[in-house]
Structures are given as structure tokens and as C-alpha cells.
Amino acid sequence: MTHTSSRLRPLATTVAVGLLATTAAGALAAPASAAPDQTVAGFSTVAMAIPDEGPSTPGSTAITIPAGKGQVKDVDVTLNSLSHTYMRDLEVTLTHNGTAVKLLDASGDSVDTTAFRTYTLDDEAATVVPTSSSVVTPDGSYKPTDSSGPEPVATSLASFDGGAASGTWELSIVDQAGGDEGSLAGWSIDIDYNDPTAPSGSVVIDGGAALTDSSAVTLGLAASDPDAFTTGVASMRFSNDGTSWSAFQPYAATAAWTLGAGDGTKTVWVQYADGIGNVSEPASDTIVLDTKAPTAKKLSPKKNATGVKTTAKVQFKASEALLKSTVTKKTVKLTAGGKTVKAKVTYKASKRKVVLTPKKDLARGTIYKVKISKKVTDLAGNSIATKGWKFTTR
Ligand SMILES: [Ca+2]
Ligand SMILES: [Ca+2]
Ligand SMILES: [Ca+2]
Ligand SMILES: [Ca+2]
């Protein structure tokens, strides 16, 4: 069994709040389905030159959303500093994992201006992009708009909802008519995401040891967040009673922990949270905490006995089970006049009895000492408290 002297710092200082939803320390987390959406943003500052007709240079620019960003709930895209002398020439398309959505198609103004405009394409915007030959389409939020038909119609960024947020999002621009050109300075994407499933995991105390002699234990931790839209295992928290929890701390393979007070069977519970704040069912492990030293009882011959027979058995009973490997002729000795008497030492686990059998009868009228080393321990590793005793033969 491995122990560590390091202790957790005061729990309030180890909270990894940034990783989590609004879970108050010590309070039970909301059920998985209630984890609120989170938002991830990305941006591209690669300028796109738009020729008077044909695809832009480069033909597309990309934003990569890092792994572990779960499932798309909403996507908004902002075109930054778009300049074109006939905006309605443009077809702007967003593509991700094989799904393409038109953000603009023959939409916007046809005013001959080199002004820079910034538009956010958002399904929840109030209006589609207005088309006008006299008024420059003002900066603002619009529904993605296809005006190539008789009436402008919204296309839908919701086509991405339910898919993975992580990965490459590509914006492409095509100028669909000769004459007039422009540029785009860059674009950004805002993705609301969630994660439909809580993680699951396990805990092992002190490498699976049955017993420990110290309340300072090491927890071995393993968890996974296996659904297709994982946000990864982000954090964990512990409890000695399944009710009162430590603050969440970043997920790791091991953690130092202090068992609850008092000897006996101790249970430690763990919960894991994924990147969105979904919290696992509690997992637990148990270990027996034994901090009490064993003692030697039923000493035979009795302590300070006199007139002991030279054929007497020398033995004692341990107050609790001893670790058999610690009971040897090197750790339990019979001495007389400072010399060790040759003897066989046995430990009968079923009776917790240690027996010293001298090779020869004891000498008459001699003081004998039984010496018990601290290397004799109980099953948890606590050293025996009894140092030995003496007796005198007749
Ligand atoms: Ca053109
Ligand atoms: Ca939206
Ligand atoms: Ca999850
Ligand atoms: Ca003990």
C-alpha cells in the first residue's frame, strides 16, 4: 500500500470553476440534461480578395474549433470588414463536416461603395438581409439570406445543429457576376454547444489495498466521457459520506485524500464532471482504516514469573491479527545473559498465537527475556506496542 504525506490544500482554493457550469461547491450538481449550453468562438484574420467574377483568393478560409466542444446548439457567423462595390454579386457559403449553408446569395445592397461593413449571420436575427440599390445595407445581424429567387429567403444555420462543434469550419466566397470586386478582412464564428451524456468512472483507494494504517490515502482515478459529442472528463470531486463533497478539481489519475476520522471501514466516493458540467453517478471504494497498534497478551510464562519450568512453552497471543511475514526468529527472540537462545518461532494465524520453541530445555535459575521487535506489525502495518517481558526459571 502506498501512502503520501501530502494533503489537499483547503478545498476552496482548488476549485476549477472555469471548467464547469454553475455548480456551487458542496451542492449537488444539476442532472446531466440541465447542464447549460456553453459557447466557443473562433476567428480568421486571413483576408480574402474577391475578383470581379469567380472564387475569392484564397478560395476559402478556415477556423478550427478544438476537440471536446460537444454538440452544436446554435451557430452565428460574423463577416468582418466586407467591402464590395456591388455586394449582391456575392455568394458566401459556410461548410462543416460535409454540410454547407449559404450565408449570403445575391443579397445585400447594390450601392457602388467601398465602405467596410460588418454583418453577423444569425438564424435568430429579426430580418433577412435587405436588398437595396440606394441604401447601403447597415452593419448588424441578419438571418442568412438567399435573394437569388423572387423574394429573399432565409437559409438556415440550424442545419449544423446536432452535429459536432469541433473540427474545421470553412468559409468560401464566389463573385457571381462580371464587374465590381471587393475583399473580406476576416470572419468569426460563435458556436453554442452542449454535451448530451454524463461521464462515468471509478475510484481505487491505495491501489486496492484492503487495509491502511493512515488516513492519508492515494486515490487512483479513471473516468471516460464516451458519447459522440464528448466534452471530455474535466474535473472530479470527492466525499467521505456521499453527501458532502469537496470542491471540483481538475481531473487527474491520482489524488491525495484524507479519510474520515476513526478506525473502521471507510468509503470514498468520487464524481466526475465533463467539460460542460454533466456530473457522473458517484463511484466508490472502501478500505479498512486501522491506526491502532497490536499488543502481546496472554503472555506465557507470565511477565516477571519465577520458578518457571525449564520445559515451559514461551508464547503470547496478539491482540489482533499480525502480518505473518513480520513474525520471525529475527523479530521475536528469547535471550538469556544478552545472548539469543536458539529457538523456532511460529505464528498461528487462526489463533493469533506466537510460539517460541527453544531447541533445548531452558537452563535452571536463569533470567530469560522475550524481545519483540517493532518490525512485528498488524495487517495494516502498525508496529506492535509490546516490547517484551522477562521471567526466571526455577
Ligand atoms: Ca462581380
Ligand atoms: Ca443564432
Ligand atoms: Ca459528456
Ligand atoms: Ca491495528
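Residues numbered from 1 in each chain as written. Chains lettered and ligands numbered in written order. Predicted model: local features only at pLDDT ≥ 70, side-chain atom pairs only at ≥ 80, totals over all residues. Heavy atoms only, no water.

## What about the environment of Val111?
Inference 1: Considering the arrangement of structural elements, one finds Val111 in the loop between strand E6 (99-105) and strand E7 (117-121).
Inference 2: Note: C-alpha distance between Val111 and Val314 (203 residues apart in sequence) is 111 Å. (Helix = DSSP H or I, 4+ residues; strand = E, 2+ residues; numbered from the N terminus.)

## Structural notes on the coordination of the calcium ion (ligand 4)
Inference 1: Within the protein, the calcium ion (ligand 4) binds to Asp290 (OD), Asp290 (OD), Lys292 (O), Glu320 (OE), Glu320 (OE) and Asp378 (OD); these donor distances fall in the range 2.2 to 2.7 Å.
Inference 2: All donors of the calcium ion (ligand 4) belong to a single chain; written as a sequence motif, their spacing is D-x1-K-x27-E-x57-D. Residue Asp290 is found in the loop between strand E20 (283-289) and strand E21 (296-300), and its partner Glu320 is found in the loop between strand E22 (314-318) and strand E23 (332-336); the two are separated by 30 residues along the sequence. (Donors = N, O, S within 2.8 Å, 3.2 Å for Na, K, Ca; no water.)

## A closer look at the sheet that holds strand E27 (residues 367-372)
As a general point, the strands of a sheet are linked pairwise by backbone hydrogen bonds and lie either parallel or antiparallel.
Inference 1: Overall, antiparallel pairing links the 4 strands, which are arranged E24-E23-E27-E28 in an open sheet. Strands with a single pairing partner mark the edges of an open sheet, and in this sheet they are strand E24 (339-340) and strand E28 (388-392).
Inference 2: Pairing analysis gives 2 bridges linking E23 to E24, with the strands arranged antiparallel. Residue pairing for E24: Thr335 is matched across the bridge by Thr340. (Pairing = 2+ DSSP bridges.)

## Concerning the pairing of E6
Inference 1: Summarising the sheet, strand E5 (residues 90-96) and E6 pair through 6 bridges and their orientation is antiparallel. Note that in E6 the partner of Thr93 across the bridge is Lys102.
Inference 2: Connecting the antiparallel pair E5 and E6 is a turn made up of 2 residues, with Asn97 showing a positive phi of about 50 degrees.

## Section: the pattern of salt bridges
Inference 1: A full pass over the atoms with the stated rule returns 4 salt bridges.
Inference 2: With a closest N to O distance of 3.4 Å, Lys102 and Glu91 form a salt bridge. In this pair, Lys102 is assigned in strand E6 and Glu91 in strand E5, connecting sequence segments 11 residues apart.
Inference 3: Residue Lys102 is classed as partly exposed on the basis of its relative accessible area of 28%.
Inference 4: Residue class for Glu91 comes out buried when judged on its relative accessible area of 19%.
Inference 5: Each of Glu91, Lys102, Asp105 and Asp146 takes part in one network of salt bridges that share partners. (Salt bridge = Lys/Arg side-chain N within 4 Å of Asp/Glu carboxyl O. Buried < 20%, exposed > 50% of the residue type's maximum accessible area, 1.4 Å probe, protein only.)

## Overview of unusual backbone geometry
Inference 1: Across the junction of Thr57 and Pro58, the peptide omega takes the value -10 degrees, indicating a cis bond.
Inference 2: If you trace the backbone, Pro58 turns up in strand E3 (residues 54-65).
Inference 3: Even without a glycine there, the phi angle at Asn304 is positive, about 65 degrees.

## Some words on the domain arrangement of the protein chain
Inference 1: Examined at the domain level, the protein chain breaks down into domain 1 (11-30 + 196-289), domain 2 (38-194) and domain 3 (296-392).
Inference 2: Between the C-alpha centres of domain 1 and domain 2 there is a distance of 44 Å.
Inference 3: For the pair domain 1 and domain 2, the summed buried area comes to about 670 Å², and 59% of that belongs to carbon and sulfur atoms.
Inference 4: When residues of domain 1 are sorted by the area they lose upon contact with domain 2, Phe229, Thr231 and Ile276 head the list and together hold 70% of the total.
Inference 5: Counting across the domain 1 and domain 2 interface gives 0 salt bridges.
Inference 6: The interface formed by domain 1 and domain 2 includes 1 residue pair in polar contact (both at pLDDT 80 or more). (Domains from an automatic or database assignment. Buried area = accessible area lost by both parts, 1.4 Å probe. Polar contact = N/O pair within 3.5 Å; in protein donor to acceptor, adjacent residues only side chain to side chain.)

## Side note on the pairing of E20
Inference 1: Alternating positions in E20 separate cleanly, Ala283, Asp285, Ile287 and Leu289 being buried on one face and Ser284, Thr286 and Val288 remaining unburied on the opposite face.
Inference 2: Looking at chain direction, strand E14 (residues 211-212) and E20 are connected through 2 bridges and run parallel. The partner of Thr212 across the bridge, within E20, is Leu289.
Inference 3: Bridge count between strand E19 (residues 264-274) and E20: 7 bridges; the pairing is antiparallel. Considered in E20, the bridge of Thr265 is made with Val288.

## A word on the sheet that holds E20
Inference 1: Here 5 strands make up an open sheet; going across it, the order is E14-E20-E19-E16-E17 and the pairing mixed. Every other strand in the sheet has two partners, leaving E14 and strand E17 (249-250) as the edge strands with one partner each.

## With respect to the nonpolar core
Inference 1: Counting residues in each nonpolar core, the largest one holds 34 residues, and the members touching the most others are Val75, Leu94, Trp169, Trp187 and Ile189.
Inference 2: Contacts of Leu94, omitting those with residues within four sequence positions, involve Val75, Val77, Thr99, Ala100, Val101, Leu103, Leu157, Phe160, Trp169, Glu170, Trp187 and Ile189. (Core = buried A, V, L, I, M, F, W, Y, C linked by side-chain atoms within 4.5 Å. Contact = heavy atoms within 4.5 Å.)

## Comments concerning the confidence of the model for the protein chain
Inference 1: In the predicted model, the protein chain carries a mean pLDDT of 91, and the fraction of residues at 70 or more is 91%.
Inference 2: Confidence drops under a pLDDT of 50 for residues 1-33, and excluding neighbours within four residues, the segment shows 61 contacts in the predicted structure. (pLDDT = per-residue confidence, 0-100.)

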